[in-house]
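Spelled out, the chains give:
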Amino acid sequence: MNKHFLWGGATAANQCEGGYLEGGKGLGSVDVIPAGPNRFPVMKGEMDYHTLPKDSFYPSHEAIDMYHNYKEDIALFAEMGFKCYRFSFSWSRIFPTGQEEKPNEEGLLFYENFIDELLKYNIEPVVTICHFDVPLALEEQYDSWKSRSMIDCYLRYCNAIFRRFRGKVKYWITFNEINMLLHLPFMGAGIRFAEGENQDKIKYQAAHHELIASALAVKLAHEIDPDCMVGCMLAAGNFYPYSCNPADVWDGIKKDRENYFFIDVQARGEYGCYAWKQFEQNGVCPHMEEGDLEILKSHTVDFISFSYYSSRCTSTDPKVLKGATAGNVMKSVRNPYLNVSQWGWQIDPLGLRITLNTLYDRYQKPLFIVENGLGAIDEISEDGKIHDSYRITYLREHIRTMKLAVEEDGVELLGYTPWGCIDLVSASTGEMKKRYGFIYVDKDNEGHGTLTRSRKDSFYWYKKVIASNGEDLE
Ligand code: BGP
């Protein structure tokens, strides 16, 4: 790997910060997403959070309390030798209702101190501007991204952070897993549906608003700081056809396109021709304003970042379809060649090489793996330590194929930031016991625990990987 390769780790505010009303922060959409059986219906936008039982438990409120522990956490990242750290800002910490004229100074100061702490250790900040978190007041006032007014609110927020952190933050990501809007609209974009609404029409209209906002953020960032790079972010993982039946192959292409739909616009500057045809056929053409197509065309992203946990598999055979597995929200058929994690996510290291190559062939822009990892239950052994060899195996195999994509296939890759480098709240399930970290956090699903941090075996292993620039994977 080249000597500037950005080894690091990734988290998001809503899953680790806590301090949900401290420092003048307003409520975010994630703060009303409970743990337990109501989580999924709320994330899908099909259950109104106002109707949740009073004793609901909201894991984001405290999370792992990084709000108060960030210095200790960053010191641990530095000890592992991180070159970069990907994290997100909480929008409602900076604009508590999303509509203020001026940002909340306390919120900006928190992130300034946070970033200065990273820079103290020469850790490059990689900031996700919006990671599954919209000020709740914007959801209440405008129905979130259903409304075009969100573009101005988002740009006001971007303007504040681009100016404040000019020269300090070089890598920005406009929206985390932008394609999640199609699958979990409330979690992805703060969108709820009323009964009888045409959900697809709303989703594609909201997508258009986010795409315009993203393009204008690229423009603004470059105006304010010509040296910074702005990227998009995809929940990636190719769909494999279950069989060589052409019907399965075609189905895989169509499913992949549902996801590329966003990146096609952000990276190439225009909607794919297939997208327009589908909009027309399904009667879901988004409303556009004059100049929109030009905005999209003129301000494409500098790099493409993505999460990769697993490949997916698809079939048109009803018998095969019966065995669909969960796998990171997007439904996938069980691939008989792959093992699965404790949460049923398929494990496919070669799929990372396939994904890297597919994305690079399609866009020819630098790529950035900003999420990858294994969510697993960790047990504390008799010696008081966590021997997470399963996590090391998962990461080792993925890093191997990542290196092959770079060294043998010529893919241009900026860096690698495994997800949840410190244990945090799971986005899909709200659990703590689904752990990804190199660093263990003492907290359970019900919110009990001392929040003490400790190093797992993978901590020492990853430290060695970084120190050897990916040469020593044993
Ligand atoms: C991605 C999200 C992350 C993260 C990760 C792991 O979809 O961008 O926020 O949580 O998946 O998923 P989970 O937490 O559900 O295991």
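Preceding block: the structure.
Only a predicted model underlies this, so the values are computations on that prediction, with no experimental measurement involved.

What counts as what
- Residues numbered from 1 in each chain as written.
- Predicted model: local features only at pLDDT ≥ 70, side-chain atom pairs only at ≥ 80, totals over all residues.
- Heavy atoms only, no water.
- Salt bridge = Lys/Arg side-chain N within 4 Å of Asp/Glu carboxyl O.
- Helix = DSSP H or I, 4+ residues; strand = E, 2+ residues; numbered from the N terminus.
- Buried < 20%, exposed > 50% of the residue type's maximum accessible area, 1.4 Å probe, protein only.
- Pairing = 2+ DSSP bridges.
- Axes fitted to C-alpha atoms, helices over the stretch in contact; angles between N-to-C directions.
- Parallel < 35°, antiparallel > 145°, perpendicular 65-115°, else oblique.
- Contact = heavy atoms within 4.5 Å.
- Nonpolar A, V, L, I, M, F, W, Y, C, P; charged D, E, K, R; others polar.
- Near = heavy atom within 4 Å.
- Polar contact = N/O pair within 3.5 Å; in protein donor to acceptor, adjacent residues only side chain to side chain.
- Areas by Shrake-Rupley, 256 points an atom, 1.4 Å probe, with all protein chains shown as cover.
- Core = buried A, V, L, I, M, F, W, Y, C linked by side-chain atoms within 4.5 Å.
- Left-handed = near helix turned anticlockwise from the far one by under 90°.
- Expected span 1.5 Å × (residues − 1).
- Disulfide = S-S within 2.5 Å.
- Phe/Tyr/Trp six-rings, centres within 6.5 Å; stacked < 30°, edge-to-face > 60°.
- Lys NZ or Arg CZ within 6 Å of the ring centre and 35° of its normal.

### Some points on the pattern of salt bridges
Piece 1. Considering all chains together, one arrives at 34 salt bridges under this definition.
Piece 2. Between Asp200 and Lys203 there is a salt bridge, with the nearest N and O atoms lying 4.0 Å from each other. You can see Asp200 and its partner Lys203 sitting in helix 10 (residues 199-224), three residues apart, about one turn around the helix.
Piece 3. When its relative accessible area of 11% is taken as the criterion, Lys203 is described as buried.
Piece 4. A salt bridge links Glu408 to Arg353; its shortest N-O distance comes to 3.6 Å. In this pair, Glu408 sits in the loop between helix 16 (389-407) and strand 14 (413-416) while Arg353 sits in helix 15 (residues 349-363), placing the two residues 55 residues apart along the sequence.
Piece 5. Take Glu408: its relative accessible area is 58%, and that puts it in the exposed class.
Piece 6. The exposure class of Arg353 is buried, given its relative accessible area of 19%.

### Focus on the sheet that holds strand 2 (residues 84-88)
Piece 1. In spatial order, the strands read 1-2-3-4-5-7-13-14; together these eight strands close into a barrel with parallel pairing. Neighbour-to-neighbour, the strand axes of the sheet open up by a mean angle of 30°, direction not taken into account.
Piece 2. Bridge analysis of strand 4 (residues 171-173) against strand 5 (residues 229-235) gives three bridges, and the strand direction is parallel. Directly across from Tyr171, in strand 5, lies its bridge partner Met229.

### Focus: the packing of helix 3 (residues 66-80) against helix 17 (residues 457-467)
Piece 1. Here helix 3 crosses helix 17 at 55°, and the two axes come no closer than 8 Å. Judged by the inter-axis angle, helix 3 sits oblique to helix 17. Contacts between helix 3 and helix 17 involve Leu76, Glu79 and Met80 from the former and Phe459, Tyr462, Lys463 and Ile466 from the latter.
Piece 2. Of the residues contributing to the contact of helix 3 with helix 17, the split by class is five nonpolar, no polar and two charged.

### Some details on the site of the ligand
Piece 1. Around the ligand, the structure places 15 residues, and the nearest of them are Glu177, Ala427, Ser428, Lys434 and Tyr436.
Piece 2. For the ligand, an oxygen atom lies 2.9 Å from a polar atom in the side chain of His131.
Piece 3. One nitrogen or oxygen atom from the side chain of Glu177 is found 2.5 Å from an oxygen atom belonging to the ligand.
Piece 4. Surface burial for the ligand is 98%, taken as the share of its 370 Å² of free accessible area covered by protein chains.
Piece 5. In terms of residue class, the shell around the ligand is built from six nonpolar, six polar and three charged.

### Observations regarding the nonpolar core
Piece 1. Among the nonpolar cores identified, the biggest contains 131 residues, and Phe77, Phe89, Trp145, Tyr154, Trp172 and Met402 are the most heavily contacted of them.
Piece 2. Of the residues forming this core, the biggest block, 14 residues, is contributed by helix 10.
Piece 3. Contacts of Phe89, omitting those with residues within four sequence positions, involve Ala13, Ile94, Tyr111, Ile115, Val127, Thr128, Ile129, Tyr157, Ile161, Phe165 and Trp172.
Piece 4. Of all hydrophobic cores here, the second largest spans 17 residues; its members include Val32, Met43, Leu136 and Met187.

### Side note on the packing of helix 11 (residues 246-268) against helix 12 (residues 273-282)
Piece 1. Their axes nearest at 10 Å, the elements helix 11 and helix 12 cross at an angle of 115°. For helix 11 against helix 12, the interelement crossing comes out left-handed. For the pair helix 11 and helix 12, the contacting residues are Arg257, Tyr260, Phe261 and Asp264 in the first and Tyr274, Ala275 and Phe279 in the second.
Piece 2. Grouping the amino acids of the contact of helix 11 with helix 12 by side-chain chemistry returns five nonpolar, no polar and two charged.

### Overview of the pairing of strand 14
Piece 1. Of the pairings in the sheet, the one linking strand 1 (residues 6-10) to strand 14 comprises two bridges and is parallel in character. Bridged to Leu6 within strand 14 is Gly415.
Piece 2. Judged from the two bridges that link them, strand 13 (residues 367-371) and strand 14 form a sheet pairing that is parallel. Bridged to Leu367 within strand 14 is Leu413.

### Some details on the side chain of Glu124
Piece 1. Along the chain, the position of Glu124 falls in strand 3 (residues 124-128).
Piece 2. On the basis of relative accessibility, which here comes to 16%, the residue Glu124 falls in the buried class.

### Quick word on helix 3
Piece 1. Here helix 3 contains 15 residues, and its C-alpha end-to-end distance of 18 Å is more than 12% below the 21 Å for a straight helix at 1.5 Å per residue.
Piece 2. Just past helix 3, the residue Gly81 takes up positive phi, approximately 90°.

### Some words on the state of the cysteines
Piece 1. Counted under the stated rule, the structure contains zero disulfides.
Piece 2. Between Cys285, a free cysteine, and Cys273, which holds the nearest cysteine sulfur, the sulfur-to-sulfur gap is 14 Å.
Piece 3. Residue Cys285 is classed as partly exposed on the basis of its relative accessible area, which comes to 29%.
Piece 4. Cys313 forms no disulfide, and the closest cysteine sulfur to it belongs to Cys244, at a distance of 12 Å.

### With respect to the side chain of Arg453
Piece 1. By the element assignment, Arg453 lies in strand 16 (residues 453-455).
Piece 2. A relative accessible area of 8% means that Arg453 is categorised as buried.
Piece 3. Within the structure, Arg453 has its side chain in polar contact with the backbone oxygen of Ile64 (distance 2.9 Å).
Piece 4. Separated by 2.8 Å, the side chains of Arg453 and Asp73 make a polar contact.
Piece 5. Filtering out sequence-adjacent residues up to four positions away, Arg453 remains in contact with Ile64, Asp65, Met66, Asn69, Glu72, Asp73, Leu76, Ile422, Ile439, Tyr440 and Val441.

### Side note on the packing of aromatic side chains
Piece 1. A full pass over the atoms with the stated rule returns 43 aromatic pairs.
Piece 2. On the basis of an interplanar angle of 10° and a centroid distance of 5.3 Å, the ring pair of Tyr85 and Phe87 is categorised as stacked.
Piece 3. Classification of Tyr85 by relative accessible area gives buried; the value is 0%.
Piece 4. Take Phe87: its relative accessible area is 3%, and that puts it in the buried class.
Piece 5. Taking NZ or CZ as reference, Arg93 lies 5.4 Å from the ring centre of Phe110, over its face.
Piece 6. For Arg312, the ring lying beneath its charged end belongs to Phe239, and the centroid distance is 6.0 Å.

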